[in-house]
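Coordinate inspection notes
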Amino acid sequence: MQKNKLKITFIGGGNMAAALIGGLAGKLTAAENIHVVDLNADALDRLQTQFGVRTSPAIDAAVADSDVVVLAVKPQQMKDVVAQLAPHIGSQLILSIAAGIRAVDLSRWLGGHNAIVRTMPNTPALIGKGVTGLVATSGVSTEQRAAADAVLHAVGETVWLEDEELIDSVTAVSGSGPAYVFYFIEAMQQAAQEMGLTSAQGNALAISTFVGAAQLAAQSSDPVSVLRERVTSKGGTTYAALTSMEQSGVKAAIVKAMKAAAARGKELGEEFGRD
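These numbers come from a predicted model, not from an experiment.

1. Considerations on the overall build of the protein chain
- Scanning the protein chain from terminus to terminus reveals 11 helices and 8 strands.
- Across its three principal axes, the protein chain shows a C-alpha extent of roughly 70 × 40 × 35 Å.
- A total of 275 residues make up the protein chain; the buried ones form 39% of that total.
- Here the analysis covers contacts within the protein chain between residues at least 6 apart in sequence; of these, 60% occur between residues at least 24 apart.
- For the protein chain, the computed accessible surface area is about 14,900 Å², with 56% contributed by carbon and sulfur atoms.
- Separation between the mean location of the 22 positive side-chain charges and that of the 26 negative ones in the protein chain comes to 4 Å.

Dropping the structure here:
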């Protein structure tokens, strides 16, 4: 399976699929090697015009010619979509980017097919800055694992797991994580305005602070706790803010919220996996 000749079919042409296609077309593989299936004619037109990929409104025999099939539909649609896909699946790698859908259920719906990689990307993939957790079933070959990594690496970093149950933790940390960041930025913007800054000023200060701090954390060899301590002089302004957050239980609330996200991911797997 030569990477520059990989034949990939996307079932679903939404935002995450478009992000992946943007990272793949003409880079990992030629645009004509990418086939997108979606009921939405407008989405297909956009993808064909923007990237030069092949498109179709329904799953058909063309899927059988693919090396990789990317399942990029909503979790609640997955069972019906896989039922349509099953007759066309042979030895292809199935790569799922849907939250909550377990590999064992995909395998059962596909008649026992066991070359499946379950993944959890996140929305910064839209600008090539994503991070994706991946886990492979026992039927995935070394070559297929490399192909899966290459596909997701096209839009950011990849982190491989050995236990599928940890995908729910990945969902809680990085899959849902961008929303937590946006939520904190919203709070910083609100505080800025309440303290007299304009909306534009608060927006610039909050976002630039997050971007800069994240890049500093990424480039530093020190733990983030050490970076935090370096800007927290006892009795100073940062100390006052962090003390207030600790007294309000901010860190504990964040940890509790992320555990709730992981629990919900597990519930979705049980819910959508029922026959």
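2. Here we look at helix 6 (residues 166-175)
- Listing the buried residues of helix 6 in full gives Ile167, Asp168, Val170, Thr171, Ala172 and Ser174.
- Taken together, the buried residues of helix 6 touch strand 6 (116-120), strand 7 (130-136), helix 7 (177-194) and helix 11 (250-272).

3. Re the packing of aromatic side chains
- One pass over the full model with this rule turns up 1 aromatic pair.
- Between Phe184 and Phe210, the aromatic rings sit 5.8 Å apart at their centres with planes inclined by 70°, giving edge-to-face as the arrangement. With Phe184 in helix 7 and Phe210 in helix 8 (residues 199-219), this residue pair connects regions lying 26 residues apart in the sequence.
- The ring centre of Trp160 lies 4.0 Å from the NZ or CZ of Arg145, which sits over that ring.

4. Remarks on the packing of helix 6 against helix 11
- The interhelical angle for the contact between helix 6 and helix 11, taken along N-to-C directions, is 135°, at an axis separation of 8 Å. Regarding the angle of helix 6 to helix 11, the classification is oblique. Where helix 6 crosses over helix 11, the handedness of that crossing is right-handed. Across the interface between the two elements, Asp168, Ser169, Ala172 and Val173 of helix 6 pack against Met258, Ala261, Ala262, Gly265 and Lys266 of helix 11.

5. Let's talk about the pairing of strand 8 (residues 156-160)
- In the sheet, strand 7 pairs with strand 8 via 5 bridges, with the strands oriented parallel. Residue pairing across strands places Gly133 opposite Val159, the latter belonging to strand 8.

6. A word on the pairing of strand 6
- The element strand 6 is largely enclosed, with a buried count of 5 among its 5 residues.
- Here strand 6 shows no split at all, with Ile116, Arg118 and Met120 on one side and Val117 and Thr119 on the other all buried.
- Taking the sense of rotation as the criterion, the β-α-β connection linking strand 5 (residues 93-96), helix 4 (residues 103-109) and strand 6 turns out right-handed.
- Bridging between strand 6 and strand 7 involves 4 bridges; their strand directions are antiparallel. Within the sheet, the bridge partner assigned to Thr119 lies in strand 7 and is Leu134.

Thresholds applied
Residues numbered from 1 in each chain as written. Predicted model: local features only at pLDDT ≥ 70, side-chain atom pairs only at ≥ 80, totals over all residues. Heavy atoms only, no water. Helix = DSSP H or I, 4+ residues; strand = E, 2+ residues; numbered from the N terminus. Buried < 20%, exposed > 50% of the residue type's maximum accessible area, 1.4 Å probe, protein only. Contact = heavy atoms within 4.5 Å. Areas by Shrake-Rupley, 256 points an atom, 1.4 Å probe, with all protein chains shown as cover. Lys, Arg positive; Asp, Glu negative; His and termini not counted. Charge placed at Lys NZ, Arg CZ, Asp CG, Glu CD. Phe/Tyr/Trp six-rings, centres within 6.5 Å; stacked < 30°, edge-to-face > 60°. Lys NZ or Arg CZ within 6 Å of the ring centre and 35° of its normal. Axes fitted to C-alpha atoms, helices over the stretch in contact; angles between N-to-C directions. Parallel < 35°, antiparallel > 145°, perpendicular 65-115°, else oblique. Left-handed = near helix turned anticlockwise from the far one by under 90°. Pairing = 2+ DSSP bridges. Right-handed = clockwise from strand over helix to strand, strands pointing away.

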